[in-house]
Each structure stands twice: as C-alpha cells, then as structure tokens.
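# Residue-level structural notes
The primary structure of each chain is shown beneath.
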Amino acid sequence: MAKKQKQTSVASSAESSNLKGTFIMVMILGVLMVGAWFGAYWLFISR
Amino acid sequence: MHLHKYEKVWLTFGMASLVIFLLIIGFAAFWKGTHPQSHLETIDQNNVEAHDSFKPENLGLTEVADGKYKVNIVASAFNYDFGVDKDEKPVKTIRVPQGSTVLFTITSKDVVHGFQVAGTNVNMMVEPGHISRYEAVMKNKGEFTVVCNEYCGIGHHQMFGKVEVY
C-alpha cells in the first residue's frame, strides 16, 4: 500500500515539474548552433 | 518510460539536427565530391621536378582556357615557388581576372606546409609526398595574401605570397 502511494507521488512530481526555463535555454543553444552553421555556410558561399 | 512534453521536443530537435548534418556530409562527399585536397595523387618529395606540373618552366600561372587558369606551386621551407617572370625574377604575385576559375596544384619538398589564400575558400594542407589540389572561382576583387598556416619552422612567418583578382 505504501509502495503504491510512493509510485504515484513520483509520477505526479515528474508530470508537474516545470521545465520551461530549461526548454528556453535548450532552444537558445540550438538556435546558436544552427546559426553558427549557417554563418559558416554563408561565408563559404560568399567567398 | 515517461518523458516530459518539452523533453520530447528538444530530443526531436537534437536528433533531427544530427540526421540533417549527416545527410549534408553525405551529400557533400558522395554527390559533390568534397574530399581532403591531397587524397588523389602521390609524388616523390625528393624529385618533384619529375612530375609534369612541377617542372620549373610549368610553375606559376598558366591560362588553360578562356577564364580558366592553373597555378602550380612548390612549397619548401620557407618559400612558395611560383616560377619566374620574363626577367628571371621569382614571381610573388599571381594576377587573375575576377570570375575566373583557378586550379591551384601544390606539393611540398620538405615538411608539412599550409597554403591559404586568406579571404577566399582556398585553404589546403601541403604534405610532402602528396599533391594537393583545389579549384576555386575567384568571385571577389581584391588582393589576397597567401599564407602558410602550418608551422613549418623558424622562417614560417616569412612564407607568403599574393593573389590579385582584378
């Protein structure tokens, strides 16, 4: 009975954990990497 | 396994970028023929003159067709041999018109050198025993310095030349 209770509380805390800030940081990093790649590609094309 | 909605989004983003970049590498290598510049031909570094491209009279700039040029160079510590002009003086500047296609062919007599025409896409490693080639369209006008970008010894910084696109 106690075990079952613990499982549901873990599941609910994962569900409710707020990852908005992490998500924004990951997306900023992603945009920087894609931007750097296209920057290098643009240099290659323009020279 | 439970994944948060945001985790699914960034995992998809990461994996999709990986697949896209691998596809681009495959496309560049197998369709466009992008390879290391020195992968095709080997040469005896102690007798580079035996190769047709590196005979003293064939060094430097040659027009092979309308708007197409080739430049043969022998790199050695600490000099780029672009051949000699009509006064028998060593050539230090290569002059080509804007928009021309130039094939640079270069080898080294001694150690590893670099051949970079700074400000253009021409950038090669020059290894003894190998012939490096790079063909480029000179799109932009200007004077571009040729530099050795592989440390080759005490006179490394004195190893330079010039490409002028007019």
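Just so you know, these numbers come straight off a predicted model, no measurement behind them.

Right, let's get into the overall build of chain A. Summing up its helical and strand segments, chain A has 2 helices and 0 strands in all. Taken over 47 residues, chain A has a buried fraction of 0%.

What follows is about the sheet that holds strand 7 (residues 113-117) of chain B. Pairing between sheet strands relies on hydrogen bonds along the backbone, with the strands arranged either parallel or antiparallel. Residues and elements named next belong to chain B. Strand order in this open sheet of 5 strands is 5-11-10-7-8, and the pairing throughout is mixed. Only two strands of the sheet have a single neighbouring strand rather than two, namely strand 5 (93-96) and strand 8 (123-126). Strand-to-strand twist of the sheet, defined as the mean angle between neighbouring strand axes without regard to direction, takes the value 15 degrees. Here strand 7 runs beside strand 8; their pairing, made up of 4 bridges, is antiparallel. Looking across to strand 8, one finds that glutamine 116 is bridged to asparagine 123.

Looking now at the UniProt feature "transmembrane region" (unreviewed entry) in chain A. As annotated by UniProt and renumbered to match this structure, "transmembrane region" (unreviewed entry) occupies residues 21-44 of chain A. Strand forms 0% of residues 21-44 of chain A and helix 100%; the C-alpha atoms that close the span are 35 Å apart.

What follows is about the confidence of the model for chain B. On average, chain B scores 92 in pLDDT, and the residues at 70 or more come to 100%. What the predictor reports for the complex is a pTM of 0.80 with an ipTM of 0.73.

Quick look at the interface of chain A and chain B now. At the junction of the two partners, chain A supplies 8 residues and chain B supplies 10 residues. Listed by contribution, the elements that provide at least two residues to the side of chain A that touches chain B are helix 1 (2-16) and helix 2 (20-46) of chain A. With 4 residues, the single largest contributor to the side of chain A that touches chain B is helix 2 of chain A. When its residues are assigned to classes, the side of chain A that touches chain B shows 6 nonpolar, 1 polar and 1 charged.

Conventions used here
Residues numbered from 1 in each chain as written. Chains lettered and ligands numbered in written order. Predicted model: local features only at pLDDT ≥ 70, side-chain atom pairs only at ≥ 80, totals over all residues. Helix = DSSP H or I, 4+ residues; strand = E, 2+ residues; numbered from the N terminus. Buried ≥ 20, exposed ≤ 12 C-beta atoms within 10 Å, placed from the backbone. Pairing = 2+ DSSP bridges. Axes fitted to C-alpha atoms, helices over the stretch in contact; angles between N-to-C directions. UniProt positions renumbered as here; feature names shortened; annotations may be inferred. pLDDT = per-residue confidence, 0-100. Contact = placed C-beta atoms within 7 Å. Nonpolar A, V, L, I, M, F, W, Y, C, P; charged D, E, K, R; others polar.

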